[in-house]
Amino acid sequence: LRVPYAMGAGLSQQRGQERWLQVAAGASGSLSSIGNALLLLIVGWNLCKGYLAQVAEKDLVTTSRMAGTHASSATTERLFFTLSACDFVASVCFAFADAAIGDVALCEAQAYGIQFGLLAAAMYSLALSLDLAIHICLNQPALARRLEPLWHVLVWVVTLPVSIAAADAFGDATIWCWIVDPVSQFSYFYYIVIVIWCINAALLLATWFVAKRPGGALDPTALNTSGSSTTVDHLGSVRLRRRLVVRQGQLVLAFNFVMMFGLLNRLTFRLGRDIFVLRLLHTIFVPLWGFLNLLIYSLDLTHRFGMAEAARKRERNARQERVRAAINSVLTVKFSVCFMPFQHFRKAGTLLSHEQARDRHLLGPVLDMHAQCIEFVRGHPTVFFSHQWSGFGHPDPSGKQFELMVKAGLELCAQERFQPSELYVWCDYCSVPQANPYTQSLSIATLGVYASLCEYFVVIAPPIKHDPLGTTCDLESYKRRGWCRLEQWAHLTAAGTERLYVATGEPSAPGKRGEPVLRAIGGRGALAGASENGDGKSDKSELLLKKEREAVVANEWFSESICVFLGDFTVPDDKPKLVDVVLGLWALTLVAMEARHAHAAPIVALVQERMTDVFPERHFGDLVQMLEKEIHDQYEWQRRRDATYAAAHAQGMSGATAESLPMRRVFKRSTRGAGSTLSVRQDSTHVDTGFSARPKEYAADGSVPSGSSKKKKHTSLKLLNDIVVLSAGYQKRNVRPLSAAGAPLILLQQLFDGYRLRLAQISKGGAGTEG
């Protein structure tokens, strides 16, 4: 009686164990199926994003940061995608567990799915380890990409024939349908898995030791270098290699980990021992491989998204610093402003190079600082001659352009009622170094500043032939030139359409000889017909000003001249170099607009009509929006500060009490380096008065001086007038009236001087500046 009872108890225990194994297999297979399905969606989406970026000819590196795919690891992504697809087939079959047993067709399909899917996934793990070794040990990423098709062929060549040959051994394997005979299991599956397992382990160890060497991908000191562009490229390579080692190594290690339990179980079973714990671990972990892959890839994806977000913040900060540098570039003279007296220019008889004019002592003055330029332009009439080069070695081989420049200069003197000895000329060939390419590039980078400083702007465009090309250089070709458009754009932003002329040397109509050489464009021409009253003053009403602005907006000339990037460039690569220059000039226009300068309104309206042409997204991106926000924030802070001063005056407070009034400060000191001067801060209760000079109508104690009759609220226009009066060099007697070109520049200079003063006060730890 004891023997049948023991046999029955053993059979019951065996059935309970099998039930536990079947439940574990179904649960693990289900989790793995979900994990592989998610991996297929995520990795497939990343691959599609990378391919779309290539088709659209965009920057693949930038796109891959957002999509999760790097150009150099695309091979890994594709191999991992196919691995997940194969393991998905096997995990779905594992999820059915013993449900297919009893149905011949379903059982055979389950056995095929497990055999082919699991074996193919194991082969792809071998491909991943080989790919990693080629990347890290051999340092041959190009070779790894070329060998990718070989890995796919190898998987199918090995897996498909073996799965077909094992079909005769398929049957009821207790837990699921698979190979029944233990010997056939090793012949058709486990021998291959053992070889793959050993190769993976050896390659992982070799890769680990290579990566841990000094300068390797896992060397902690490899990312601590900085400096040259070569170092930057090295850092990018180190980061990529480190990512490959960590993620790809973990994926290969996951295969070795899950297969370790299956191999131990089958080896002990071949030795005649049936250990339930090993069978349970085998049943749990082998089907769970896909879920482990999902965990590994998710952690890597989270890390990549964090790095991408940090990179986007760094890029955003870099663009912000670029915008501020562009604003400051309008006030930066990278190379000296070299004027030539018109009398010297005229007596030279031809266009002289910068070096020739310097050696003959014809240049003067040579101004190094922007403040010096403003002071000089205020006291002396200056003209900017803008022209085309009609030759490669010399801009004017025929001498016709020089002759027209002289005539235009004399007529300008007669029209504006000053002596030729008072006029100073800026011309590129005379004022820009020609022999030294480095100083020449600095001067060309300051071209916008030169054109914005000069009071008069004259276009020299006689119809002549280019030597030796033979093409016609005339007014139409001048209007198409990108550099010529930049010069006009610079003058327009600083002075509007005032004092802008064109000289072609041709009569306006047949038979008209001896008429004036200069022809006004825009503002001066539009106001030429204004009537004069009995006092000899022009009756320029608001209606005429409105008509002038409408004429400017409708004028085809200015519509073309502001589109610098649509112009013709001999070297197309020069366009990106002009982005910061155009941004700075646009900032100058916005400052003039805030200061209520009449010349700025029509220019702003004209630019806003053609924003996409003036600021192509390909070159500017969101820099224009960032610049406009920066200018708006600066003036918002100024208006809030002025309101605080007005409130302090109304309450009869002292200056010290006024400075302690609550107000949000827009800017704070940045610790990102010397290039970063301002950054946005959300809250502060201290009002820093270093932004600009104290309003003229307030004394040091906040009260109104007795001799002052101005009691209106301090506005940006009032601040402009104060700056004009208080700026050094502008309080001399008998100086020329401040031109429209100088006022916005002075305001912009004062804004930046205020920033520096406020930052100096903060660094000294003034009252209310803690933190």
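Everything quoted here is computed from the prediction, not taken from an experiment.

What counts as what
- Each residue is numbered by its place in its chain's sequence as written, counting from 1.
- Note on the predicted model: pLDDT of at least 70 is required for a residue's local features to be given, and 80 or more for side-chain atom pairs to be given and counted; whole-chain, interface and lining totals, by contrast, use all residues.
- Side-chain metrics rest on all non-hydrogen atoms present in the structure, leaving aside hydrogens and water.
- Here a helix means four or more residues in a row that DSSP labels H or I, a strand means two or more in a row labelled E, and each is numbered from the N terminus.
- With a 1.4 Å probe rolled over the protein chains alone, any residue whose accessible area is under 20% of its type maximum counts as buried; one over 50% counts as exposed, and the rest are partly exposed.
- Only heavy atoms matter for contacts: two residues are in contact if any of them lie within 4.5 Å across the pair.
- All accessible areas in this document rest on Shrake-Rupley with a 1.4 Å probe, and a residue is counted as covered only by the protein chains that are shown.
- Following DSSP output, two strands are said to pair if at least two bridges run between them.
- In this description, a line fitted to the C-alpha atoms serves as the axis of each element, helices being fitted only across the stretch in contact, and the angle between N-to-C directions of two axes falls anywhere from 0 to 180 degrees.
- Residues grouped as a nonpolar core are buried Ala, Val, Leu, Ile, Met, Phe, Trp, Tyr and Cys residues, joined through side-chain atoms within 4.5 Å.
- Our angle categories are set so that under 35 degrees counts as roughly parallel, over 145 as roughly antiparallel, 65 to 115 as roughly perpendicular, and the remainder as oblique.
- Take the far helix as your reference; a near helix turned counterclockwise from it by less than a right angle gives a left-handed crossing, and one turned clockwise gives a right-handed crossing.
- Residues are grouped as follows: Ala, Val, Leu, Ile, Met, Phe, Trp, Tyr, Cys and Pro are nonpolar; Asp, Glu, Lys and Arg are charged; every other residue, Gly included, is polar.
- Each reported salt bridge corresponds to a side-chain nitrogen of Lys or Arg within 4 Å of a carboxyl oxygen of Asp or Glu.
- A crossover counts as right-handed when, viewed with the strands pointing away from the observer, the path leading from the first strand over the helix to the second turns clockwise.

**Student:** So what about the overall build of the protein? Which residues, and what values?
**Tutor:** Each helix and strand in the protein was counted, giving 29 helices and 14 strands. Among the 771 residues that make up the protein, the fraction classed as buried is 49%. If you take every contact in the protein between residues at least 6 apart in sequence, the share linking residues at least 24 apart comes to 76%. Entry remark: accessible area of the protein is about 36700 Å², with carbon and sulfur atoms responsible for 59%.

**Student:** Describe the sheet that holds strand E7 (residues 424-427), and please don't skip the residues or the numbers.
**Tutor:** With respect to topology, six strands assemble into an open sheet ordered E4-E7-E6-E8-E11-E12, the strand pairing being mixed. Both edges of this open sheet fall to strand E4 (340-341) and strand E12 (519-520), since each of them pairs with a single strand only. Pairing analysis gives two bridges linking E4 to E7, with the strands arranged antiparallel. Bridge pairing links Met340 to Val425 in E7. Against the sheet, helix H13 (residues 400-416) touches strand E6 (382-387), E7, strand E8 (456-460) and strand E11 (500-503), its axis set at about 145 degrees to E8. Its contacts with the sheet place helix H18 (residues 482-495) against E6, E8 and E11, and it is angled at close to 160 degrees to E8.

**Student:** Before we move on, could you go through the nonpolar core and cite the residues and values that matter?
**Tutor:** Phe345, Leu486 and Trp489 are the most contacted members of the largest nonpolar core, which totals 95 residues. No other element matches the nine residues that helix H22 (residues 579-594) contributes to this core. In this structure, Phe345 is in contact with Met340, Leu351, Phe385, Phe402, Met405, Val406, Val425 and Cys430, ignoring residues within four places of it in sequence. Counting residues in each nonpolar core, the second largest holds 69 residues, with Cys93, Phe261, Leu294 and Leu301 among its members.

**Student:** Quick rundown of the packing of helix H4 (residues 104-136) against helix H5 (residues 141-165)? Include the residues and the values.
**Tutor:** In the contact formed by H4 and H5, the axes pass within 9 Å of each other and the chain directions differ by 160 degrees. Between H4 and H5, the interaxial angle falls into the category roughly antiparallel. Crossing of H4 against H5: the hand is right-handed. The residue inventory of the contact of H4 with H5, partitioned by class, reads 21 nonpolar, five polar and one charged.

**Student:** How would you explain the pattern of salt bridges if you had to name every residue and give the values?
**Tutor:** Counted under the stated rule, the structure contains 23 salt bridges. The salt bridge partner of Asp274 is Arg279, with a shortest N-O separation of 3.5 Å. On the basis of relative accessible area, Asp274 is assigned to the partly exposed category, the value being 47%. Owing to a relative accessible area of 17%, Arg279 belongs among the buried residues under this scheme. Put simply, Glu636 and Arg639 hold a salt bridge, and the shortest N to O gap is 3.7 Å. Taken together, the positions of Glu636 and Arg639, both in helix H26 (residues 623-650) and three residues apart, correspond to about one turn of that helix. Under the relative-accessibility criterion, Glu636 is labelled partly exposed at 24%.

**Student:** I'd like to hear about the pairing of E7, residue by residue, with values.
**Tutor:** Because side chains alternate across E7, one face comprises the buried residues Tyr424 and Trp426, and the other comprises Val425 and Cys427, equally buried. Across four bridges, E6 lies against E7 in parallel orientation. When the bridges of E7 are listed, Val383 appears paired with Val425. Between the parallel elements E6 and E7, the chain passes through H13 in a crossover that is right-handed.

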